[in-house]
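Residues per chain, in single letters:
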Amino acid sequence: MSLKAGIVGLPNVGKSTLFNAITKQNILAANYPFATIEPNVGVVIVPDKRLDFLKNLYNPPSVVPTTFEFTDIAGLVKGASSGEGLGNKFLSHIREVDAIIEVVRCFDDPEITHVTGTTNPIEDIEIINIELVLADLEIITNRIGKIEKKAETTKDKVAQLELNVLKKCRESLENNNPLRNLELTIEERKIIKNFSFLTLKPLIYVANMDEESIVNGENQYSKLVADYANKENSGVINMCAKLESELASLEDEEKKEFLKSCGIPESGLDKLIFAAYKLLGLETFFTVGTDEVRAWTYEKGMKAPLCAGIIHNDFERGFIKAEVMSYKDLEELKDEKKVKENGRLRIEGKEYIMQDGDICYFRFNV
């Protein structure tokens with residue numbers, strides 16, 4: 001299941017430094033706008049301690065974790081929606097992602113040029129968010145112009161429904177309210193799905209702080225970002241991209257020791273990966289055995305046959321039943337046989353909704 005988040009922000013806020021840390025790749029991270037021209041894509045492992053337990057229990061030659069895709073999108077500037085900078089190109093890249101990670105500069109550094117000349121995280125956020133709103137408004141205005149006359153003269157029900165939801169979206173955007181905060185029915189969401197509206201995408205803010213501030217947990221700038229995010233029901237992660245980039249070169253044990261010595265309980269990157277994973281409503285089920293232990297990503301609410309299809313189309317097409325045990329039960333009893341003997345192995349049918357941490361054996365026939 002290929003889902004991805006796009007990393008956006010003004011130039012020189014730390015996007016490419018963050019991306020370097022996420023993917024352990026050394027892409028260009030220069031001190032000038034538009035250092036990143038084409039979007040860089042990196043696949044990262046989603047940290048999952050459950051895999052360590054399963055690996056030790058089954059001792060397979062292969063352990064395959066679940067992954068998540070991040071795209072580094074070049075810096076936006078004011079006027080991007082009307083083509084300023086390389087705006088139109090960058091906005092098209094954002095349309096291709098499923099969620100937005102918006103990096104906000106929350107540090108002062110005279111050696112790193114700020115595109116507006118001063119550190120002001122709320123101004124930075126609003127520059128980008130306004131450009132996204134304007135880009136969506138342009139699409140809506142153009143579409144309404146094409147279908148309004150048809151909807152009003154022919155009384156075509158499909159056209160009328162589309163017109164109504166587009167006007168609803170337009171009103172929300174004109175009030176500077178992103179579409180992700182607009183109450184939409186399932187039917188309305190289906191109608192506007194193909195427009196790939198930018199402000200409809202779920203969003204997390206990354207407050208990029210200096211090393212001293214991250215040790216303290218926050219600073220004056222990150223507090224402003226947190227307040228802003230809370231008001232619009234968005235997530236926020238505090239981190240130091242520079243520090244995370246340095247940590248990326250360390251082995252896991254060295255990383256843990258370094259974080260501990262700094263008084264930092266958890267890597268900001270791990271928090272971001274988990275947050276992005278959950279933001280898109282993603283969960284994990286497992287297949288296990290002496291040949292392979294593997295984690296699989298699925299969307300919350302998916303039924304067993306669809307999850308089986310993630311492994312192979314034939315599994316979904318010929319789905320019969322699924323043998324399911326929960327990770328928690330296996331962790332507690334430490335043996336499949338004991339799970340069965342204690343009546344905790346379940347046989348589930350086509351209507352079963354997969355739960356995070358399920359360990360499955362799929363029965364199928366084609």
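Please refer to the structure placed before this passage.
What this report covers is the structure whose coordinates are included nearby. Since this is a predicted model, take the numbers as computed values, not measurements.

## Topic: the side chain of Asp48
Within the secondary structure layout, Asp48 lies in the loop between strand 2 (40–45) and helix 2 (49–58). Classification of Asp48 as buried rests on a relative accessible area of 17%. There is a polar contact of 2.9 Å between the side chain of Asp48 and the side chain of Arg50.

## Details of the nonpolar core
Residues Leu18, Phe68, Phe70, Ile94, Ile101 and Leu272 are the most contacted members of the largest nonpolar core, which totals 56 residues. Grouped together as the second largest cluster of nonpolar side chains are 18 residues, Val133, Leu137, Ile192 and Phe197 included.

## A short note on the pairing of strand 5 (residues 99–105)
Counting buried positions along strand 5 gives seven out of seven residues, so the element sits mostly inside the fold. Residues Ala99, Ile101, Val103 and Arg105 point to one face of strand 5 and Ile100, Glu102 and Val104 to the other, with burial holding for every one of them. In this sheet, strand 5 lies alongside strand 1 (residues 4–8) in parallel orientation, the contact comprising four bridges. Residue pairing for strand 5: Ile7 is matched across the bridge by Ile101. Bridge count for strand 5 against strand 6 (residues 203–208) is six bridges, and the pairing is parallel. Paired with Val104 across the bridge in strand 6 is Ala207.

## Thoughts on the layout of surface pockets
The volume enclosed by the largest pocket comes to roughly 1300 Å³. Lining the largest pocket are 39 residues, with Val46, Pro47, Asp48, Asp252 and Asp270 sitting closest to its centre. Among the elements of the structure, helix 1 (15–23), strand 2, helix 2, helix 9 (241–247), helix 10 (252–262) and helix 11 (268–279) are those that each provide at least two residues to the lining of the largest pocket. Partitioning the lining of the largest pocket into residue classes produces 19 nonpolar, four polar and 16 charged. Its volume calculated, the second largest pocket comes out at about 850 Å³.

## Some thoughts on the packing of aromatic side chains
Taken as a whole and judged by the stated rule, the model has eleven aromatic pairs. Ring centres of Phe285 and Phe362 lie 6.0 Å apart, and the angle between their planes is 90 degrees; on these two criteria the pair is classed as edge-to-face. In this pair, Phe285 is assigned in strand 8 (residues 282–287) and Phe362 in strand 12 (residues 358–364), connecting sequence segments 77 residues apart. Across the pair, Phe362 and Phe285 agree in class, each one buried. The positively charged end of Arg294 is found above the aromatic ring belonging to Trp296, 4.2 Å away from the centroid.

## Here we look at helix 5 (residues 157–174)
Here helix 5 contains 18 residues, and its C-alpha end-to-end distance of 26 Å stays within 8% of the 26 Å for a straight helix at 1.5 Å per residue. All buried positions along helix 5 are accounted for by Ala159, Glu162, Leu163, Val165, Leu166, Cys169, Ser172 and Leu173. Of the surrounding elements, those touching the buried residues of helix 5 are helix 4 (121–154) and helix 6 (186–192). Taking the backbone nitrogen of Val158 as reference, a side-chain oxygen 3.1 Å away marks Asp156 as the first, capping residue of helix 5.

## Observations regarding the sheet that holds strand 7 (residues 235–239)
With mixed pairing, the six strands of this open sheet are ordered in space as 2-4-1-5-6-7. The open sheet has two edge strands, strand 2 and strand 7, and neither has a second partner. In this sheet, neighbouring strand axes are inclined to one another by 25 degrees on average, regardless of whether the strands run parallel or antiparallel. Where strand 2 meets strand 4 (residues 67–72), six bridges bridge the pair, whose relative direction is antiparallel. Considered in strand 4, the bridge of Gly42 is made with Phe70.

## As for empty space enclosed by the protein
One pass over the full model with this rule turns up one cavity of 30 Å³ or more. As a volume, the largest cavity reaches approximately 30 Å³. Looking at the largest cavity, the residues that line it are Leu10, Val13, Glu102, Val103, Val104, Arg105, Asp124, Ile125 and Ile128. Those elements that provide at least two residues to the lining of the largest cavity are strand 5 and helix 4. The element contributing the most residues to the lining of the largest cavity is strand 5, with four residues.

## Topic: the environment of Gly309
Tracing the backbone shows Gly309 in helix 12 (residues 304–311). Counting along the chain gives ten residues from Gly309 to Phe319, while the straight-line C-alpha distance between them is 8.8 Å. The residues contacting Gly309, other than those within four sequence positions of it, are Phe315 and Glu316.

Conventions used here
Residues numbered from 1 in each chain as written. Predicted model: local features only at pLDDT ≥ 70, side-chain atom pairs only at ≥ 80, totals over all residues. Heavy atoms only, no water. Helix = DSSP H or I, 4+ residues; strand = E, 2+ residues; numbered from the N terminus. Buried < 20%, exposed > 50% of the residue type's maximum accessible area, 1.4 Å probe, protein only. Polar contact = N/O pair within 3.5 Å; in protein donor to acceptor, adjacent residues only side chain to side chain. Core = buried A, V, L, I, M, F, W, Y, C linked by side-chain atoms within 4.5 Å. Pairing = 2+ DSSP bridges. 1 Å grid on protein atoms, 1.4 Å probe; cavity = no way out; pocket = protein on both sides within 12 Å on 5 of 7 lines; lining within 4 Å. Points joined across faces, edges and corners; volume = space filled by probe spheres on them. Nonpolar A, V, L, I, M, F, W, Y, C, P; charged D, E, K, R; others polar. Phe/Tyr/Trp six-rings, centres within 6.5 Å; stacked < 30°, edge-to-face > 60°. Lys NZ or Arg CZ within 6 Å of the ring centre and 35° of its normal. Expected span 1.5 Å × (residues − 1). Contact = heavy atoms within 4.5 Å. Axes fitted to C-alpha atoms, helices over the stretch in contact; angles between N-to-C directions.

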